[in-house]
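Descriptive analysis of the structure
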Amino acid sequence: MKHPGKMVPEVIKSLFKKPATTSYPKEKAMIPKNFRGKIKFDSQACIGCKICMRDCPAKAVQISPTDKEKVFKAKFYLDRCIYCAQCVDSCPRKALKSSSEFELAHYDREKLEEDQE
Amino acid sequence: MAEIKVPMGPQHPALKEPESFNLILEGERIVDAEVKLGYNHRGIEKACESRSYIQSLYLTERVCGICSHTHSTAFIQAVEEIAKVEVPPRGQFIRGIIGELERVHSHLLWLGVAGHEVGFDTLFMYAWRDRELVMDLLALLSGNRVNYGINTVGGVRRDIDSEQTQQALKTLEQLTARTEYYIKVVTEEPTFIGRLLGVGKLSKEDAELYGAVGPTARGSGVSRDTRKDDPYGVYQHIQFNVITDQHADVLGRSIVRVFELLESYKMLKEMFEKLPEGPIAVKVPRKIPAGEAVSRNEAPRGENIHYVRSNGSEIPERVKIRAATLANLPSIRHMLRGGYLADFPIVIAAIDPCFSCTDRAIKVVQGKKSEIMDWGQLREYGINWYKKHRGIDLSRHQ
Ligand code: SF4
Ligand code: SF4
């Protein structure tokens, strides 16, 4: 019978190492290059085709006309958005972009509706 | 000795998922077990049938948080077969890379859970610490740690550049070193072996009889792997061995999983090195021609089956998902019989269950006539049921 304690050397080594955890939120998390965070809308580029609305799996984006002609505004339901960035891929005008913003938690769902113009 | 019935779940002490088992006990021994499904029905199939193909893709990805890529791959393979679309080789390879990385993360996660279930929490901590390496790699390649969103109809959404390849190869080396260490722990540590040897016995004949899949079957010596039996995507071009083990118990399943990790690293290295040039996706029209297809693939836990039927519109007419856990449940009952109550958590955990993957079908029968409900009616039924039986008003949460 072999002796138990295969983990002991590893445990002793770990005693002298830095902790494997990061101290988030004090230290910011590493954000990869093509991270899919909160979507940003560019009203200059949007032509109001609403393809993004049609492809969004969560019905989380709404494009509607403004007072000005041919200018559109966007409303995002951040509580429903699944951050898949399909709207970014679908938009023919590149009016939508993924940002690296991800700290969006809130106590109140209503506050998670965001208008972008 | 008198038999007693002990209900386990739906809030399960060992699994953070809702599922219920009734154990018939004679003292410490389990005489029989009843598996009760249906606590977490999420209506995913029905939801797919009211969304377009591209929207359903993201929904199937969320069938499971751990093997999310395999579900979206199985679904998209079926759609591509109906639409007669050829995914470009580079797209196939990237899909394969994410698929194998997902297996690595899932097996390391499982190893940690297994350690936790048998009271070996040190193993749990270290396995999960090292799993971070592959999680970071997945984030680097796909953008996010879970639900990679890499698949799209006709290919993949993100390319891999040479810098990412370098980083990946470096991480793979670290992971190989770590895994070799865990192989030592799993095959040599007497406390671990002593706890798992002979627990949850499932002979080769029984594994075949009850239709076990994935590491559960392979741990009983059944060489069954969809990647080998029915090669899809990148697996037609890649060399690998199917790992089996003859222990036919929980230890066997653990050994299969740790050795599969090494096999995955080899495959990943080959895929990164052979990554062909060219486009990563082809354009596919929104409307998929009428037809039907069944697609299978090998998730970390075993074979997934997706069936898709199209009627020529933008929306699938029928989607049916069978995840690996459902295939393994009949063997669970068999494995529990004759075992001890204390082994129950690890026997269940050894199939790497995912119960939210399992709960699929629903049929509401009222009186003698059965009735088919649409999405809206089903929602309303649910809201009313909770109001009446639990006093919870869900109608506000639209
Ligand atoms: S798809 Fe792009 S251009 Fe069209 S409505 Fe949406 S944001 Fe505007
Ligand atoms: S990221 Fe996905 S869920 Fe969110 S608005 Fe865009 S398409 Fe919709």
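Residues numbered from 1 in each chain as written. Chains lettered and ligands numbered in written order. Predicted model: local features only at pLDDT ≥ 70, side-chain atom pairs only at ≥ 80, totals over all residues. Heavy atoms only, no water.

Helix and strand counts for chain A stand at three helices and five strands. If you list the helices and strands of chain A from N to C, you get α-β-α-β-β-α-β-β. Taken over the C-alpha trace, chain A has a radius of gyration of 22 Å; the compact-globule value for 117 residues is 13 Å, which it surpasses by more than 25%. Across the 117 residues that make up chain A, the buried fraction comes to 34%. Within chain A, counting contacts between residues at least 6 apart in sequence, those at least 24 apart form 67% of the total. Of the accessible surface of chain A, which amounts to about 8200 Å², a share of 55% is contributed by carbon and sulfur atoms. (Helix = DSSP H or I, 4+ residues; strand = E, 2+ residues; numbered from the N terminus. Rg over C-alpha atoms; globule rule 2.2 N^0.38 Å. Buried < 20%, exposed > 50% of the residue type's maximum accessible area, 1.4 Å probe, protein only. Contact = heavy atoms within 4.5 Å. Areas by Shrake-Rupley, 256 points an atom, 1.4 Å probe, with all protein chains shown as cover.)

Before going further, it helps to spend a moment on the environment of Tyr210 of chain B. Residue and element names in this part refer to chain B. For Tyr210, the location among the structural elements is in the loop between α8 (204-209) and α9 (214-218). Put simply, Tyr210 and Asp130 are 80 residues apart on the chain and 35 Å apart in space, counted from C-alpha to C-alpha. Ignoring anything within four residues of it in the chain, the contact list for Tyr210 reads Ala327, Pro330, Ser331 and His334. Looking at Tyr210, its side chain comes within polar contact range of the side chain of His334, at 3.5 Å. (Polar contact = N/O pair within 3.5 Å; in protein donor to acceptor, adjacent residues only side chain to side chain.)

Another point: the packing of helix α1 (residues 8-15) of chain A against helix α5 (residues 121-142) of chain B. One way to put it is that α1 of chain A packs onto α5 of chain B with a least axis distance of 11 Å and a crossing angle of 65°. As for the relative orientation of α1 of chain A and α5 of chain B, their crossing is left-handed in sense. Residues Glu10, Val11 and Ser14 of chain A of α1 of chain A form the contact with α5 of chain B, whose participating residues are Thr122, Tyr126 and Arg129 of chain B. Looking at the contact of α1 of chain A with α5 of chain B, its residues break down into two nonpolar, two polar and two charged. (Axes fitted to C-alpha atoms, helices over the stretch in contact; angles between N-to-C directions. Left-handed = near helix turned anticlockwise from the far one by under 90°. Nonpolar A, V, L, I, M, F, W, Y, C, P; charged D, E, K, R; others polar.)

Another aspect to go through is the site of ligand 2. Around ligand 2, a shell composed of Ile39, Cys56, Pro57, Ala60, Val61, Cys81, Ile82, Tyr83, Cys84, Ala85, Gln86 and Cys87 of chain A is seen. Tallied by class, the residues present in the shell around ligand 2 amount to 11 nonpolar, one polar and no charged. (Near = heavy atom within 4 Å.)

This part is about the interface of chain B and chain A. One frequent convention defines the size of an interface as the accessible area lost when the parts assemble. Counting from both sides, the interface comprises 35 residues of chain B and, opposite them, 28 residues of chain A. The junction of chain B with chain A conceals about 2800 Å² of combined surface from both sides, 46% of it contributed by carbon and sulfur atoms. On inspection of chain B and its partner chain A, the count reaches seven salt bridges. There are 20 residue pairs in polar contact (both at pLDDT 80 or more) connecting chain B and chain A. For the side of chain B that touches chain A, the secondary-structure elements that each account for two or more residues are α2 (53-61), α5, α6 (162-188) and α7 (190-196) of chain B. Top element by residues in the side of chain B that touches chain A is α5 of chain B. It accounts for eight residues. Classifying every residue of the side of chain B that touches chain A gives 13 nonpolar, 10 polar and 12 charged. (Buried area = accessible area lost by both parts, 1.4 Å probe. Salt bridge = Lys/Arg side-chain N within 4 Å of Asp/Glu carboxyl O.)

Scope: geometric values only; no functional claims are made or implied.
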